[in-house]
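So the chains spell out like this:
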Amino acid sequence: MGLRRALPFILLLCAGCATAPPRAPAPPPDPHTQMSALENRIFELIQEERQKIDPKAKALALDSELVGVARQKSSDMADRNYMAHLSPDGSSSASIIMDQDASFQGLLGENIAAEHYLKAYGVDVETFARRFVDLWLASPVHRDNLSFAAYDRTGVGAAVNGDTVYVTELFATDMGLPPPPAAVPAAKPDAASPEKSHGG
């Protein structure tokens, strides 16, 4: 008897729960805040793909100089709405590096790409990182670039503008070249020693 009385009460409670208004989904994160995580994930995936393609390929180390230039390149493409190795004014990642570091030497490779996103969904780091890496793997030239066994340094830079994410990855190696000679400071002229007077 007690069970029969309790059952309608439970059903009423459940019916009341069903009429609660659904919660609106949280808006996606601002894509600008996702760029650092996207850079890191692309770096990890490229590292994995290099080892799959050539197990003897050198491991890549993140190089702060290359990261800075890659970010500068991606930001320039985002700001000026283009995707090319040469900017509208003719500059390139190589020229940026040489302007900033005249002692840089060796080989420099660059992969770039751009991908649109829907603002309602934002930028999912894992999905977009895989898209960029898959784009490069599908292109023989870009695949060869990212898997070149001698490269041992890299830098990834990502930027967003409007509905597009731009990514640049730079690869470098000095190919075992000796470090450039250090600049020798100009010799300072010796101070003239005072003349001694002689009695005559």
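What counts as what
- Residues numbered from 1 in each chain as written.
- Predicted model: local features only at pLDDT ≥ 70, side-chain atom pairs only at ≥ 80, totals over all residues.
- Heavy atoms only, no water.
- Helix = DSSP H or I, 4+ residues; strand = E, 2+ residues; numbered from the N terminus.
- Buried < 20%, exposed > 50% of the residue type's maximum accessible area, 1.4 Å probe, protein only.
- Contact = heavy atoms within 4.5 Å.
- Areas by Shrake-Rupley, 256 points an atom, 1.4 Å probe, with all protein chains shown as cover.
- Salt bridge = Lys/Arg side-chain N within 4 Å of Asp/Glu carboxyl O.
- Core = buried A, V, L, I, M, F, W, Y, C linked by side-chain atoms within 4.5 Å.
- Axes fitted to C-alpha atoms, helices over the stretch in contact; angles between N-to-C directions.
- Parallel < 35°, antiparallel > 145°, perpendicular 65-115°, else oblique.
- Nonpolar A, V, L, I, M, F, W, Y, C, P; charged D, E, K, R; others polar.
- Expected span 1.5 Å × (residues − 1).
- Polar contact = N/O pair within 3.5 Å; in protein donor to acceptor, adjacent residues only side chain to side chain.

### Let's talk about the overall build of the protein
Scanning the protein from N- to C-terminus turns up 6 helices and 4 strands. Along the protein, from the amino end to the carboxyl end, the secondary structure elements read α-α-β-α-α-β-α-α-β-β. Split into buried and exposed, the 200 residues of the protein put 35% on the buried side. Sequence-distant contacts, at least 24 apart, represent 72% of the contacts inside the protein between residues at least 6 apart. For the protein, the exposed area adds up to about 12800 Å²; of that, 60% sits on carbon and sulfur atoms.

### As for the pattern of salt bridges
Scanning all chains against the criterion turns up 11 salt bridges. Taking the shortest distance from any N to any O, the salt bridge between Lys52 and Glu49 comes out at 3.4 Å. Here Lys52 and its partner Glu49 are both found in helix H2 (residues 35-53), 3 residues apart, which amounts to about one turn of the helix. Residue class for Lys52 comes out exposed when judged on its relative accessible area of 59%. The exposure class of Glu49 is buried, given its relative accessible area of 9%. Of the charged contacts, one joins Arg130 and Glu49 as a salt bridge, the two residues approaching to 3.4 Å between their closest N and O atoms. Linking Arg130 in helix H5 (residues 125-138) with Glu49 in helix H2, this pair joins segments that are 81 residues apart in sequence.

### Digging into the nonpolar core
For soluble globular proteins, nonpolar side chains are generally found buried alongside one another. The biggest cluster of nonpolar side chains holds 24 residues, and the ones touching the most others in it are Leu38, Ile42, Ile46, Phe132, Val165 and Val167. Looking at this core, the elements that each hand over two or more residues are H2, H5, strand S3 (153-161) and strand S4 (164-173). Apart from the residues lying within four places of it in its own chain, the contact partners of Phe132 are Leu38, Ile42, Ala113, Ala114, Glu115, Val165 and Val167. One finds Leu66, Ile96, Phe104 and Ala172 within the second-largest nonpolar core, a separate group that totals 8 residues.

### Overview of the packing of H5 against helix H6 (residues 140-147)
Between H5 and H6, whose axes approach to 5 Å, the crossing angle comes to 110 degrees. With respect to each other, H5 and H6 are oriented roughly perpendicular. Residues Trp136, Leu137 and Ala138 of H5 form the contact with H6, whose participating residues are Pro140, His142, Arg143 and Leu146. Residue composition of the contact of H5 with H6, by class: 5 nonpolar, 1 polar and 1 charged.

### Notes on H5
Over its 14 residues, H5 runs 20 Å from end to end, which matches the ideal 20 Å to within 8%, given 1.5 Å per residue. Turning to H5, its buried residues are Val125, Phe128, Ala129, Phe132, Val133, Trp136 and Leu137. Of the surrounding elements, those touching the buried residues of H5 are H2, strand S2 (107-116), H6 and S4.

### Here we look at the side chain of Asp63
Along the chain, the position of Asp63 falls in the loop between strand S1 (61-62) and helix H3 (64-80). The exposure class assigned to Asp63 is buried, which follows from its relative accessible area of 17%. Within the local environment of Asp63, its side chain forms a polar contact with the backbone nitrogen of Glu65, the two atoms lying 2.9 Å apart. One polar contact links the side chain of Asp63 to the main-chain amide nitrogen of Leu66, over a distance of 3.0 Å. Dropping the residues within four chain positions of it, Asp63 is found in contact with Arg153 and Thr154.

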